[in-house]
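Structural description and commentary
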Amino acid sequence: MCASVGSRVPGVDYDPISVALKFGFLAVLYLFLLWIARSALKDLRGTVAPAPDATGFHPVPAYDTAAGGDAWLVAQRGGGLGEGERFDLIGGLSIGRSQEADVRIDDRYASGLHARIFSRDGRAYVEDMSSTNGTLLNDASLHGEAELVDGDVVRIGDTEFRFEAGG
């Protein structure tokens, strides 16, 4: 006896299997899309990498803030700041467009909290806070943090600062 083309095998219900296969396919599709989105987000966010010269071998700076020396950030141009305006680095400071920033700059290329300057072991460091447009240190792109030495220039968009260390 031959079954006709449109007939079903008695006792077998294909509807639950086809529904399960459809949901399984959708689950795999959504997992794939989630994997792609997480990968793209990780690439866009970027990982905080150590500075290119993070070997542990650094020249000794000409100042020692732990021994009572002072350090300042001096505005050179832009950001709605006066040329020569000085910011004391005791306790560190943050730079950005946000009201929460210690040094508020009016620069369309700056993020809310764009960069921070802090002290560690008597040395000053600058760190880009994963800003959108990046921070330049002596005209080189800054990734993560880097040590500051006297005369270094930090640029955020059109705003430029000079680091000064004094004794």
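Residues numbered from 1 in each chain as written. Predicted model: local features only at pLDDT ≥ 70, side-chain atom pairs only at ≥ 80, totals over all residues. Heavy atoms only, no water.

Another point: the overall build of the protein. When helices and strands are counted, the protein shows one helix and eleven strands. Ordered by position in the sequence, the α and β elements of the protein form the string α-β-β-β-β-β-β-β-β-β-β-β. The buried share of the protein, reckoned over its 167 residues, is 31%. In the protein, the proportion of contacts linking residues at least 24 apart, taken out of those at least 6 apart, comes to 39%. Working note: accessible area of the protein is about 11200 Å², and carbon and sulfur atoms make up 58% of it. (Helix = DSSP H or I, 4+ residues; strand = E, 2+ residues; numbered from the N terminus. Buried < 20%, exposed > 50% of the residue type's maximum accessible area, 1.4 Å probe, protein only. Contact = heavy atoms within 4.5 Å. Areas by Shrake-Rupley, 256 points an atom, 1.4 Å probe, with all protein chains shown as cover.)

Before going further, it helps to spend a moment on the packing of aromatic side chains. Counted by the stated rule, this structure contains three aromatic pairs. Summarising the aromatic geometry, the rings of Phe118 and Tyr125 are spaced 5.6 Å apart at their centres and angled 20° between planes, so their arrangement reads as stacked. The buried category is assigned to Phe118, whose relative accessible area is 12%. Residue Tyr125 is classed as buried on the basis of its relative accessible area of 12%. (Phe/Tyr/Trp six-rings, centres within 6.5 Å; stacked < 30°, edge-to-face > 60°.)

This next bit is on the pairing of strand 5 (residues 115–120). Across three bridges, the pairing between strand 3 (residues 93–96) and strand 5 is antiparallel. Note on strand 5: the bridge partner recorded for Ile95 is Ala115. Relative to strand 6 (residues 123–128), strand 5 runs antiparallel, the two sharing six bridges. Residue pairing for strand 6: Phe118 is matched across the bridge by Tyr125. (Pairing = 2+ DSSP bridges.)

This next bit is on unusual backbone geometry. Located in the positive-phi region is Ser130, a residue other than glycine, with phi close to 55°. Looking at the secondary structure, you find Ser130 in the loop between strand 6 and strand 7 (136–137). Despite not being glycine, Asn138 has its phi angle at roughly 55°, a positive value. Inspection of the secondary structure puts Asn138 in the loop between strand 7 and strand 8 (140–141).

Let's shift gears to the pairing of strand 11 (residues 159–166). Within strand 11, seven of the eight residues are buried, which leaves the element mostly enclosed by the surrounding structure. Of the strand pairs in this sheet, strand 10 (residues 153–156) and strand 11 are connected by four bridges, and their pairing is antiparallel. The partner of Val154 across the bridge, within strand 11, is Phe161. In sequence, strand 10 turns back onto strand 11 through a hairpin of two residues, with Gly157 there showing a positive phi of about 60°.

On to the sheet that holds strand 7, then. Pairing is antiparallel in the open sheet, where six strands are placed in the order 2-1-11-10-7-8. Two strands close off the open sheet at either side, each with one partner strand: strand 2 (86–88) and strand 8.

Time to look at the confidence of the model for the protein. A residue-level look at the protein finds 77% of positions with pLDDT of 70 or above and a mean pLDDT of 79. Confidence, expressed as mean pLDDT per element, reaches its minimum in the protein at strand 1 (residues 70–77) with 84 and its maximum at strand 10 with 90. (pLDDT = per-residue confidence, 0-100.)

Take Ser111: it is sitting in the loop between strand 4 (103–104) and strand 5. At a separation of 3.2 Å, a polar atom in the side chain of Ser111 contacts the main-chain amide nitrogen of Thr132. Setting aside residues up to four positions removed in sequence, Ser111 forms contacts with Gly96, Arg97, Ser131 and Thr132. (Polar contact = N/O pair within 3.5 Å; in protein donor to acceptor, adjacent residues only side chain to side chain.)

Counting residues in hydrophobic clusters, the biggest one holds 24 residues, and the most contacted among them are Leu73, Ile95, Val103, Ile105, Leu148 and Phe161. The set of elements that each furnish at least two residues to this core consists of strand 1, strand 3, strand 5, strand 6, strand 10 and strand 11. (Core = buried A, V, L, I, M, F, W, Y, C linked by side-chain atoms within 4.5 Å.)

Moving on, we get to the pattern of salt bridges. Per the counting criterion, the structure on display carries eight salt bridges. Taking the shortest distance from any N to any O, the salt bridge between Glu145 and Arg120 comes out at 2.4 Å. Placement of the pair is Glu145 in strand 9 (residues 145–147) and Arg120 in strand 5, with a sequence separation of 25 residues. Owing to a relative accessible area of 33%, Arg120 belongs among the partly exposed residues under this scheme. Taken together, the shared-partner salt bridges in this structure form one network comprising Arg77, Asp139, Arg155 and Glu160. (Salt bridge = Lys/Arg side-chain N within 4 Å of Asp/Glu carboxyl O.)

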